[in-house]
Amino acid sequence: MTRPTPISGFPEWLPPQRMIEQYVIDHIRRTFELYGFAPLETRAVEPLDQLLRKGETSKEVYVLRRLQAGEGETDEDALGLHFDLTVPFARFVLENAGKLTFPFRRYQIQKVWRGERPQEGRYREFLQADIDIVDRDTLPPHYEAEIPLVIGDALGSLPIPPIRIQVNNRKVCEGFYRGLGLTDPEAALRAVDKLDKIGPEKVAALLMETAGADDQQAAACLRLAEISAPDASFADRVRALGVTHPLLDEGIDELVRVVETAAEHAPGLCVADLRIARGLDYYTGTVYETQMIGYERFGSICSGGRYDNLASAGNDRFPGVGISIGVTRLLGLLFGAGALTASRAVPTAVLVALPTEERRAECDRVAAALRGRGIATEVAPSAAKYGKQIRFAERRGIPFVWFPGAEGGGDTVKDIRSGDQVDADAATWSPPAGDLRAAVAGA
RNA sequence: GUGGCUGUAGCUCAGUGGUAGAGCGUCAGGUCGUGGCCCUGAAGGCGCCGGUUCGACUCCGGCCAGUCACCCCA
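Nothing here was measured: the structure is a model prediction, and the numbers come from that model.

The rules behind the values
- Residues numbered from 1 in each chain as written.
- Chains lettered and ligands numbered in written order.
- Predicted model: local features only at pLDDT ≥ 70, side-chain atom pairs only at ≥ 80, totals over all residues.
- Heavy atoms only, no water.
- Helix = DSSP H or I, 4+ residues; strand = E, 2+ residues; numbered from the N terminus.
- Buried < 20%, exposed > 50% of the residue type's maximum accessible area, 1.4 Å probe, protein only.
- Contact = heavy atoms within 4.5 Å.
- Lys, Arg positive; Asp, Glu negative; His and termini not counted.
- Charge placed at Lys NZ, Arg CZ, Asp CG, Glu CD.
- pLDDT = per-residue confidence, 0-100.
- Phe/Tyr/Trp six-rings, centres within 6.5 Å; stacked < 30°, edge-to-face > 60°.
- Pairing = 2+ DSSP bridges.
- Axes fitted to C-alpha atoms, helices over the stretch in contact; angles between N-to-C directions.
- Near = heavy atom within 4 Å.
- Polar contact = N/O pair within 3.5 Å; in protein donor to acceptor, adjacent residues only side chain to side chain.
- Domains from an automatic or database assignment.
- Buried area = accessible area lost by both parts, 1.4 Å probe.
- Salt bridge = Lys/Arg side-chain N within 4 Å of Asp/Glu carboxyl O.

### Examining the overall build of chain A
Link 1 in the chain: Counting its secondary structure elements, chain A contains 14 helices and 19 strands.
Link 2 in the chain: Considering chain A as a whole, with its 443 residues, one finds that 49% of them fall into the buried category.
Link 3 in the chain: Taking the contacts inside chain A whose residues are at least 6 apart along the sequence as the reference set, 70% of them involve residues at least 24 apart.
Link 4 in the chain: Taking the 52 positively charged and 63 negatively charged side chains of chain A as two groups, their mean positions are separated by 5 Å.

### Things to note about the confidence of the model for chain A
Low pLDDT marks stretches whose predicted atomic positions should not be read closely.
Link 1 in the chain: The pLDDT averaged across chain A works out to 90; a share of 95% of its residues lies at or above 70.
Link 2 in the chain: When the elements of chain A are averaged for pLDDT, helix α2 (residues 48-53) gives the smallest value, 79, and strand β1 (residues 38-39) the largest, 98.

### A short note on the packing of aromatic side chains
Link 1 in the chain: Across all of its chains, the model carries 13 aromatic pairs by this definition.
Link 2 in the chain: Pairing F89 with F104 gives two aromatic rings, centres 6.0 Å apart and planes at 35 degrees, and the pair type is tilted. Here F104 lies in strand β5 (residues 104-113) and F89 lies in helix α3 (residues 86-96), a separation of 15 residues in the sequence. With respect to class, F89 is no different from F104; both count as buried.

### Some remarks on the sheet that holds strand β10 (residues 286-292)
Link 1 in the chain: The strand order β1-β5-β6-β12-β11-β10-β7-β9-β8 describes an open sheet built from nine strands, whose pairing is mixed. Only two strands of the sheet have a single neighbouring strand rather than two, namely β1 and β8 (228-229).
Link 2 in the chain: Both strand β7 (residues 163-169) and strand β9 (residues 270-273) contribute to a ladder of three bridges, which runs parallel. Residue pairing in the sheet places V167 in a bridge with A272 of β9.
Link 3 in the chain: Of the strands in this sheet, β7, β9 and β10 are in contact with helix α10 (residues 246-265), which crosses β7 at around 160 degrees.

### Re the sheet that holds strand β4 (residues 79-81)
Link 1 in the chain: Strand order in the open sheet formed by three strands is β2-β4-β3, with antiparallel pairing between adjacent strands. A strand with exactly one partner marks an edge of an open sheet, and here the two such strands are β2 (45-47) and β3 (63-64).
Link 2 in the chain: Two elements, β2 and β4, share three bridges in a ladder whose sense is antiparallel. Residue pairing across strands places P47 opposite L79, the latter belonging to β4.

### Section: the protein's contact with RNA strand B
Link 1 in the chain: Looking at RNA strand B, there are 41 residues lining it, with S8, R114, R122, R278 and R395 nearest.
Link 2 in the chain: Per the 4 Å cut-off to the protein, sugar and phosphate atoms form 52% of the nearby atoms of RNA strand B.
Link 3 in the chain: Contacts to RNA strand B include K197, whose side-chain N or O atom sits 3.4 Å from a phosphate oxygen.
Link 4 in the chain: C302 is positioned such that a nitrogen or oxygen atom in its backbone is 3.4 Å from a sugar or linking oxygen of RNA strand B.
Link 5 in the chain: For the surface near RNA strand B, the secondary-structure elements that each account for two or more residues are β6 (125-134), β11 (302-313) and α13 (386-396).
Link 6 in the chain: No other element matches α13, which puts seven residues into the surface near RNA strand B.

### Considering the domain arrangement of chain A
Link 1 in the chain: You can read the domains of chain A as domain 1 (7-66 + 74-156 + 308-342), domain 2 (163-292) and domain 3 (350-442).
Link 2 in the chain: Between the C-alpha centres of domain 1 and domain 2 the distance comes to 25 Å.
Link 3 in the chain: At the junction of the two partners, domain 1 supplies 25 residues and domain 2 supplies 19 residues.
Link 4 in the chain: Summing both partners gives a buried area of about 1,800 Å² for domain 1 against domain 2, and 70% of it is carried by carbon and sulfur.
Link 5 in the chain: On the domain 1 side of the contact with domain 2, E144, P148 and L149 bury the most area, a combined 28% of that side's loss.
Link 6 in the chain: On the surface where domain 1 and domain 2 come into contact, there are zero salt bridges.

### Description of the pattern of salt bridges
Link 1 in the chain: For the structure shown, the criterion picks out 21 salt bridges.
Link 2 in the chain: Across the pair D132 and R106 runs a salt bridge whose closest N-O atoms are separated by 3.1 Å. Here D132, found in strand β6, pairs with R106, found in strand β5; they are 26 residues apart in sequence, far enough to count as distant.
Link 3 in the chain: Among the residues examined, R106 registers a relative accessible area of 0% and is labelled buried.
Link 4 in the chain: Here R360 makes a salt bridge to E357, at a shortest N to O gap of 2.5 Å.
Link 5 in the chain: For R360, a relative accessible area of 22% gives the class partly exposed.
Link 6 in the chain: Ionic contacts of the salt-bridge type, sharing partners, join the residues R43, E46, R91 and E95 into one network.

Structure follows, in structure tokens:
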């Protein structure tokens, strides 16, 4: 039998990496809860037509079906694995609107699936950490300013490279394009979005081809896209372009608020960047993208935006704003660069050495006493020579080895990194706080 | 999903139309019955399948995986 091989796009980490992932997840979750977001998990599947609704075209959705599909099952019954957490959440809000209180803020940390072609930082199964705030009928714009602060806190204190959140507002672009006289702002947006990749000349050509722009309009679109500022000064530069439209003013005001709020609470975190157009097509206002500094070429590790029409049924409307951290991408990139490591390969903090097999019960009692005080402990697998037992610990990164005392003697514990060995009592000894759990460190 | 590039031991890499090596790592033993250095030894491999050939790891094709671009996006 040949060795099994990986499945493309479905990453599996080894325990040290999984320990880091859990550390990161815990940290993110704590931060989300610190801001009052409530936990939620939704099922893995949604009706296929719901998943395809707003993207219409080639959303790479994985379809779920039974092997023994019945005769009566039609396409309308088909289920698909969700490809983000926002669409399922919108559905959940509509389904449970009567049981929720608004504004409702929740976080969701779950796997999502997309049938794309994998490459570094791009997977078919990956973990997202998502927050959203929805309200009934109207959603005040201050929430759009709060979202980046949460992310800044969640990611800012992890041992990862600093991040920069690029913010734009689709109303600015659409208002600008309309004020310019363009009738297909969507097409213009798509063209401008390629600026980084294909350069201004080709974008201009694309604008004229696909968005019906003339020379001057294309040039104006490019001038807008080139505007970027860490503060509200972008607004003057936009107005200086001389285009007016009510939607443009609205967008500028909203964007100013986001940038100014961020500048006060987290200087350097956010930058208004008027070329950012991306995200799913359901975004209607503010949009966010996040780069890890030094890893820009791998794309956004956290993005989202405001959506006014995603959750609506009949007269009920629940506008929302949210953002999603691509945990798997974030980690995959850093693992690939060797820029994130754990201090040990197992959770164990103490290995209890075993002098002889006859004394195993005694060693088990030591381990139980330590565990009882929250210290991760295991007992050596066999009564090998102490040198081997120490090596057992060393290879796993276990920092402490506990030596049961000889007849009449007390126990000792050794920090195998420093070699220091001291008398210890299992009822009272504790490792330094920093050694209680595996430490996660950046490069 | 389309196209390009890549695929030799756990890792980083040599190498050849006549079935293969190094360093590091792993395991065992020795020195020390409390490790790391050192010494000795061992295990372990040409991604998979097929074709060409007397013979393929080496050439060709398909598949799988990785990566890059497109697409899309975390």
